[in-house]
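# Descriptive analysis of the structure
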Amino acid sequence: PLPSIRGDVHFDNIVFEYEKGRPALKGISLHAKAGQSIALVGHTGSGKSTIINLLCRFYDPVQGRVLIDGTDIRDVTISSLRSQVGIVMQDTFIFGGSIRDNIRYGRLDATHEEIVAAAKAVNAHDFIMGLPDGYDTQVEERGNVLSMGQRQLLSFARALLADPKILILDEATASIDTETELKIQEALKTLLEGRTSFMIAHRLSTIRHADEIVVLDHGEIVEQGNHEAL
Ligand code: ATP
Ligand code: MG
């Protein structure tokens, strides 16, 4: 198992193909030091999601290794890996139930105080209190009680409460109003603090938050550096 990890992530010369003879990643080497945030950018089909898929062990590489704190992730249990690697998905996953249930997903033991503290930290508390039943408001998976931006903030609260050392953020492309956008950016800063993160970023404002920007093209890293350098 991975007891208390630092969150150092190393993709060591990764080759991967979904279909034989059609490599989706052609020798990717990438090192995220503990606490560092990396933005993955590139055209559609360049391999961004594939990198994430391998870190989550949805697939294993054909060649090379993914290491966390120097340990090959194939040598740890899936459950301990999942407890350390959190995902905030693009189509932020909201299920039928109360707002409270949606935030404490994966942390069923969380107290009301912890849930509220997480919501406050990511700017979600105010809009939640504005809902008819506050934290007890029922939402539906595809319902429209919540705006896209509110869904995003809710998923941030969930991630913050779960407190994984490594965080994956697959950013939504949906347009969000400027005010909510600012709240999201502020919340993102809080969420990234003390974690290693990989962000599939679409917004320039998110990319700016990253310590390192990695540009992918056809399964290869073609550029890498910080925002000023690129
Ligand atoms: P997008 O910006 O559209 O999300 P991406 O950078 O995330 O693109 P990937 O999804 O990693 O790109 O895809 C990399 C390559 O692997 C592409 O050529 C894609 O067609 C292929 N691919 C992705 N998923 C699968 C799959 N499940 N089966 C077969 N091929 C796949
Ligand atoms: Mg993708």
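First, a word on scope: everything that follows refers to the structure included in this document. (Residues numbered from 1 in each chain as written. Chains lettered and ligands numbered in written order. Predicted model: local features only at pLDDT ≥ 70, side-chain atom pairs only at ≥ 80, totals over all residues.)

Here the focus is the site of ligand 1. What surrounds ligand 1 is the set Tyr18, Glu19, Ala24, Gly42, Thr44, Gly45, Ser46, Gly47, Lys48, Ser49 and Thr50. Among the secondary structure elements, those contributing two or more residues to the shell around ligand 1 are strand 1 (9–19) and helix 1 (48–55). In terms of residue count, the dominant contributor to the shell around ligand 1 is helix 1 (three residues). Of the residues assigned to the shell around ligand 1, the class counts are two nonpolar, seven polar and two charged. (Near = placed C-beta within 6 Å. Helix = DSSP H or I, 4+ residues; strand = E, 2+ residues; numbered from the N terminus. Nonpolar A, V, L, I, M, F, W, Y, C, P; charged D, E, K, R; others polar.)

Next up on the list: the sheet that holds strand 10 (residues 196–200). Across the sheet, six strands lie side by side as 6-9-10-3-11-12; this open sheet has mixed pairing. Each of the sheet's edge strands pairs with one partner strand only, and the pair in question is strand 6 (85–88) and strand 12 (220–225). Neighbouring strand axes in the sheet, compared pairwise and without regard to direction, differ in orientation by 20° on average. Here helix 6 (residues 148–162) sits on the sheet in contact with strand 6 and strand 9 (166–170), set at roughly 175° to strand 6. (Pairing = 2+ DSSP bridges. Axes fitted to C-alpha atoms, helices over the stretch in contact; angles between N-to-C directions. Contact = placed C-beta atoms within 7 Å.)

The four strands lie next to each other as 2-1-4-5, forming an open sheet whose pairing is antiparallel. The open sheet is flanked by strand 2 (22–32) and strand 5 (71–72), the only strands paired with a single partner. Both strand 1 and strand 2 contribute to a ladder of eight bridges, which runs antiparallel. Within the sheet, the bridge partner assigned to phenylalanine 16 lies in strand 2 and is leucine 25.

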